[in-house]
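# Commentary on secondary and tertiary structure
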Amino acid sequence: MELKANPRSTREELLAGKMPAVAYNKEQNVSFTIDRKEFDKAFRAQGRTGIFDIVIEGGESFPALVKTVQMDARRRIPIHVDFTLVHYGEPIEVAVPVHVTGKARGVINGGLVDIVVHNLQVIAPGPRRIPQELMVDVTRLNIGDHITAGQIKLPQGVTLASDPELMVISVLAPRMTEAEADAEDQAAQVAGLVAAGELSEEAAEAVLEGEASLDEVKAEAAGEATEGETE
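Residues numbered from 1 in each chain as written. Predicted model: local features only at pLDDT ≥ 70, side-chain atom pairs only at ≥ 80, totals over all residues. Heavy atoms only, no water.

### A word on the pattern of salt bridges
In total, this model carries 3 salt bridges according to the counting rule given. Measuring nitrogen to oxygen at the nearest pair gives 4.0 Å for the salt bridge that ties Arg128 to Asp53. Here Arg128 is found in the loop between strand S9 (119–124) and strand S10 (134–137), whereas its partner Asp53 is found in strand S4 (residues 52–56), with 75 residues between them in sequence. A salt bridge links Arg75 to Asp72; the nearest nitrogen and oxygen atoms lie 3.8 Å apart. A relative accessible area of 47% means that Arg75 is categorised as partly exposed. Residue class for Asp72 comes out buried when judged on its relative accessible area of 18%. (Salt bridge = Lys/Arg side-chain N within 4 Å of Asp/Glu carboxyl O. Helix = DSSP H or I, 4+ residues; strand = E, 2+ residues; numbered from the N terminus. Buried < 20%, exposed > 50% of the residue type's maximum accessible area, 1.4 Å probe, protein only.)

As structure tokens, this is what we get:
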């Protein structure tokens, strides 16, 4: 995508609607200004994996990738952009977004698909061969299953830069509701009281079956203990 730019010195005042940018690699560093709205629209369309053909008025033109975008925290608009200069036909390492497709078996059973790594580092054979995204089919995943970086199919010519054992996607067990968590805590408490001899197994069963509350059976147990001491 072409992006028109103007040359800039660091002391130059910016025109309305313009913002500073810089493009660089190990051999070169170029400062310029670009239209804020034009860049924002283009960046939303192609992100960090799309090539920008930057054309500087009255000067050079070159392909580049967005490296970082500095945002105004209050207005949430871009205020400065760093580009990485690239060369056509040369390998380049980039971070490519990971997305999932399909409905995992574990999700049908109440689980949750968790994308652990949202951007995977890969090496493309050239800037125009950078994949826009990596789609991963999760249909066969059950609860507890996961997919590592080495298991993700890459486009022809693209190689993995990350650790092949890096976990990228997993299917988590269902989260307990507040009521389920309370029930589990109560069961643990009841088991502890039975083990300490403070509660009978019959009373414990009544609590777990919902026939009596824990406070009720504890009060009853305390009353029986008092009667025994009196006798």
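Following the structure, the description resumes.
### Looking at the sheet that holds strand S3 (residues 29–35)
Hydrogen bonding along the main chain pairs the strands of a sheet, whether they run parallel or antiparallel. Ordered in space as S1-S3-S2-S6-S5-S4, the 6 strands form a closed barrel in which the pairing is mixed. Direction aside, neighbouring strands of the sheet carry axes that sit 45° apart on average. As judged from the 4 bridges shared by strand S1 (residues 2–7) and S4, these two strands associate in the parallel manner. Each residue of the ladder has a partner; that of Lys4, found in S4, is Val55. (Pairing = 2+ DSSP bridges. Axes fitted to C-alpha atoms, helices over the stretch in contact; angles between N-to-C directions.)

### Some words on the nonpolar core
Within soluble globular proteins, side chains that are nonpolar tend to cluster in buried spots. In this structure, Val168 and Ile169 are the most contacted members of the largest nonpolar core, which totals 24 residues. Where this core is concerned, the elements lending two or more residues are strand S7 (92–101), S9, S10 and strand S13 (167–172). The element best represented in this core is S7, accounting for 4 residues. With near-sequence residues (within four places) excluded, Val168 lies in contact with Val98, Asp114, Ile115, Val116, Val117, Leu120, Ile147, Thr148, Ala149 and Ile152. (Core = buried A, V, L, I, M, F, W, Y, C linked by side-chain atoms within 4.5 Å. Contact = heavy atoms within 4.5 Å.)

### With respect to the sheet that holds strand S8 (residues 112–115)
Strand order in the open sheet formed by 3 strands is S8-S13-S11, and the pairing between neighbours is antiparallel. Two strands in the sheet have a free side with no partner beyond their single neighbour: S8 and strand S11 (146–148). This sheet shows a mean twist of 10° between the axes of neighbouring strands, independent of strand direction. Relative to S13, S11 is paired through 3 bridges, and the arrangement is antiparallel. Following the sheet pairing, Ile147 is matched in S13 by Ile169.

### As for the pairing of S1
Two elements, S1 and S3, share 3 bridges in a ladder whose sense is antiparallel. Directly across from Asn6, in S3, lies its bridge partner Thr33.

### Side note on helix H4 (residues 201–208)
Those residues of H4 that sit buried are Ala203, Ala204, Ala206 and Val207. Angularly, the buried residues of H4 cover 160° about the axis, an arc narrow enough to put them on a single face. When the buried face of H4 is taken as reference, the exposed residues oriented beyond 90 degrees from it are Glu201, Glu202, Glu205 and Leu208. After H4 finishes, the residue Gly210 shows a positive phi value of roughly 85°. (Arc of directions from axis to C-beta.)

### Structural notes on the environment of Ala95
Tracing the backbone shows Ala95 in strand S7. For Ala95 and Arg105, which are 10 residues apart along the polypeptide, the C-alpha to C-alpha distance reads 29 Å. Every residue in contact with Ala95, bar those within four places of it in the chain, is listed here: Thr49, Asn119, Leu120 and Gln121.

### Some words on the environment of Arg8
Summarising the element assignment, Arg8 is placed in the loop between S1 and strand S2 (18–24). Along the primary structure Arg8 and Pro20 are separated by 12 residues, whereas in three dimensions their C-alpha atoms are 8.0 Å apart.

### Considering the environment of Ala173
Take Ala173: it is sitting in the loop between S13 and helix H3 (178–195). Along the backbone, Ala173 and Glu60 are 113 residues apart, and their C-alpha atoms lie at a distance of 55 Å. Here Ala173 is in contact with Gly111 and Ile143, once residues within four sequence places are set aside.

### Observations concerning the packing of aromatic side chains
Within this structure, the stated rule accounts for 6 aromatic pairs. Judged by centre distance (6.1 Å) and plane angle (80°), the ring pair of Phe39 and Phe83 falls under edge-to-face. You can see Phe39 sitting in helix H1 (residues 36–46) and its partner Phe83 sitting in strand S6 (residues 78–85), a full 44 residues away along the chain. For the residue pair Phe39 and Phe83, the accessibility class agrees, reading buried in each case. Following the ring pairs from residue to residue traces out a cluster consisting of Phe32, Phe39, Phe43, Phe52, Phe62 and Phe83. (Phe/Tyr/Trp six-rings, centres within 6.5 Å; stacked < 30°, edge-to-face > 60°.)

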